[in-house]
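Now for the letters of each chain:
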Amino acid sequence: MTGYDEHENYLRKVFSNSISSSNPSEEAKKAARKLSPSYFEDYKQQLLRKWDGKKLEDIENSKVISTSYGDTLKITQKEKIDFNLQDNYFKDQINSNLKLLPKIGLKTEQNLKDKGYDTIESLKTHDRYADRANKFCQQIEDLSYGEIIELLDNNRYSKKCRDNIIKSISLTDKENFKFMDIETLGLSNVPIILIGVAEIKKDKIISSQYFLRQIYEEPAVIEAYMSHLDEDSVHVTFNGKSFDVPYIRNRCLSNRINVNLRLPHLDLMYFAKNLWGNQLPNCQLQTIERELFGIEREGDVPGQFIPGYYRDYLDHENIGPIVPIIEHNRQDIVSLASFLEKMYEDVN
């Protein structure tokens, strides 16, 4: 087959996956149906019939828990996970990054290395940079993981340091990662209906989800989530810097809850665009699942339909519409662990 023929076959495949082509594939037709509001209205009616008469407690691994703000529903699931980060001796890599010192850019770094100054440590003997190098070497030993992320994040040589931020996760324990995602009734100033957090414990990933049974339970949902956080916690999200964490903070203000959410934060959406943007159709979470991990969701409900499904749960007193929302949220947080591990492998 010639290169021209291969290109023609590629184009034919691409266009067949478009619903607007003259001969769309079955895959394209299926995808188009799943974007249709009527499809999700029909699906919701099926769920209402299937779960008619069932209670929230019938959801597997669910139980009512108490907080200082009242009761809420917790759903817990455990899965095996092989999450291992090979040591990359990242502090040695930091020592080789002369650009972390003020007034050193790409050209200056290369000039210094040409003269034999390969590490920040070696600059302690340099006439001009000795003071800065000494100060840096003293500080780096006392920096928390969050402060190291901030140091890298604030460096203006951003592409290299974005990779370094992912490399830096070897400096903290995997148990500190809080893979988190929220579902809400809208995009601003309306209640959070579900908060999910996944944590790695030895060879298991444990997802804990807190569901808003009634609107007034929102403070209990938030406090239940906050019980997972401590000073060593690291938020791991997908678009969570822009949406999830600020949203929780605003809902805390609305409910007069005093919390500290100033934690180290790895927003994997930005790293995904940096690492995989050239090889994927887009960098949406489910695209990454499908293209890089072979995960094809069944019975999923996209985010834009979640508020309507939740309202029908309340109006009909039927848990059917919220069952796929809970699964959607659980899959999101569990996938983040796979994303983070692959990113770490790729940058190393």
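Keep in mind it's a predicted model, so treat the numbers as computed, not measured.

Draft legend 1. Main features of the overall build of the chain. Of the regular secondary structure elements, the chain holds 14 helices and seven strands. Residues classed as buried in the chain amount to 47% of the 348 residues present. Intrachain contacts of the chain at a sequence separation of at least 6 include 66% that bridge at least 24 residues. As presented, the chain carries roughly 18900 Å² of accessible surface, and 45% of it is formed by carbon and sulfur atoms.

Draft legend 2. Spatial organisation of the packing of helix 11 (residues 268–276) against helix 14 (residues 323–347). At a minimum axis distance of 11 Å, the contact between helix 11 and helix 14 shows a crossing angle of 45°. When the axis of helix 11 is compared with that of helix 14, the two are oblique. Here helix 11 runs over helix 14; the crossing is left-handed. Contact residues: Leu 268, Phe 271, Ala 272, Leu 275 and Trp 276 in helix 11; Leu 336, Phe 339, Leu 340, Lys 342, Met 343, Asp 346 and Val 347 in helix 14. Taken together, the residues of the contact of helix 11 with helix 14 sort by class into 10 nonpolar, no polar and two charged.

Draft legend 3. Representation of the nonpolar core. Core analysis: the biggest nonpolar cluster contains 50 residues, and Phe 177, Phe 179, Phe 238, Leu 266, Leu 268 and Leu 340 have the highest contact counts within it. The dominant element in this core, judged by the number of residues it contributes, is helix 14, at nine residues. The contact partners of Leu 268, leaving out residues within four places of it in the chain, are Val 236, Thr 237, Phe 238, Leu 336, Phe 339, Leu 340 and Met 343. Counting 43 residues, the second largest nonpolar core, distinct from the first, contains Ile 65, Leu 185, Cys 252 and Ile 325.

Draft legend 4. The arrangement of the pattern of salt bridges in detail. Counted under the stated rule, the structure contains 17 salt bridges. Between Arg 297 and Asp 300 there is a salt bridge, with the nearest N and O atoms lying 3.4 Å from each other. When sorted by exposure, Arg 297 lands in the same class as Asp 300, which is buried. Taking the shortest distance from any N to any O, the salt bridge between Glu 327 and Arg 330 comes out at 2.7 Å. Here Glu 327 pairs with Arg 330, and both are found in helix 14, just three residues apart, close to one helical turn.

Draft legend 5. Summary view of the side chain of Asp 332. Relative to the helices and strands, Asp 332 is located in helix 14. Asp 332 gets classed as buried once you look at its relative accessible area, which sits at 9%. When neighbours within four sequence positions are excluded, Asp 332 is seen to be in contact with Asp 181, Glu 183, Leu 285 and Arg 297.

Draft legend 6. Representation of the side chain of Glu 183 within the structure. Along the chain, Glu 183 falls in strand 3 (residues 177–184). Lacking a salt bridge, the buried Glu 183 has Arg 297 as its closest oppositely charged neighbour, with an N-O distance of 7.4 Å. Of the polar contacts made by the side chain of Glu 183, one reaches the side chain of Asn 329; its length is 3.2 Å.

Draft legend 7. Quick look at the environment of Lys 113. Along the polypeptide, Lys 113 turns up in helix 5 (residues 106–114). For the pair formed by Lys 113 and Leu 98, sequence separation is 15 residues and the distance between their alpha carbons is 8.9 Å.

Draft legend 8. Broad picture of the sheet that holds strand 7 (residues 265–267). Here seven strands make up an open sheet; going across it, the order is 1-2-5-4-3-6-7 and the pairing mixed. The open sheet terminates on both sides in strands that have one partner only, identified here as strand 1 (62–67) and strand 7. Averaged over all pairs of adjacent strands, the angle between their axes in this sheet comes to 30°, without regard to strand direction. Pairing geometry for strand 6 (residues 234–237) and strand 7, over three bridges, is parallel. Across the sheet, residue His 235 finds its bridge partner in strand 7, namely His 265.

Calculation rules
Residues numbered from 1 in each chain as written. Predicted model: local features only at pLDDT ≥ 70, side-chain atom pairs only at ≥ 80, totals over all residues. Heavy atoms only, no water. Helix = DSSP H or I, 4+ residues; strand = E, 2+ residues; numbered from the N terminus. Buried < 20%, exposed > 50% of the residue type's maximum accessible area, 1.4 Å probe, protein only. Contact = heavy atoms within 4.5 Å. Areas by Shrake-Rupley, 256 points an atom, 1.4 Å probe, with all protein chains shown as cover. Axes fitted to C-alpha atoms, helices over the stretch in contact; angles between N-to-C directions. Parallel < 35°, antiparallel > 145°, perpendicular 65-115°, else oblique. Left-handed = near helix turned anticlockwise from the far one by under 90°. Nonpolar A, V, L, I, M, F, W, Y, C, P; charged D, E, K, R; others polar. Core = buried A, V, L, I, M, F, W, Y, C linked by side-chain atoms within 4.5 Å. Salt bridge = Lys/Arg side-chain N within 4 Å of Asp/Glu carboxyl O. Lys, Arg positive; Asp, Glu negative; His and termini not counted. Polar contact = N/O pair within 3.5 Å; in protein donor to acceptor, adjacent residues only side chain to side chain. Pairing = 2+ DSSP bridges.

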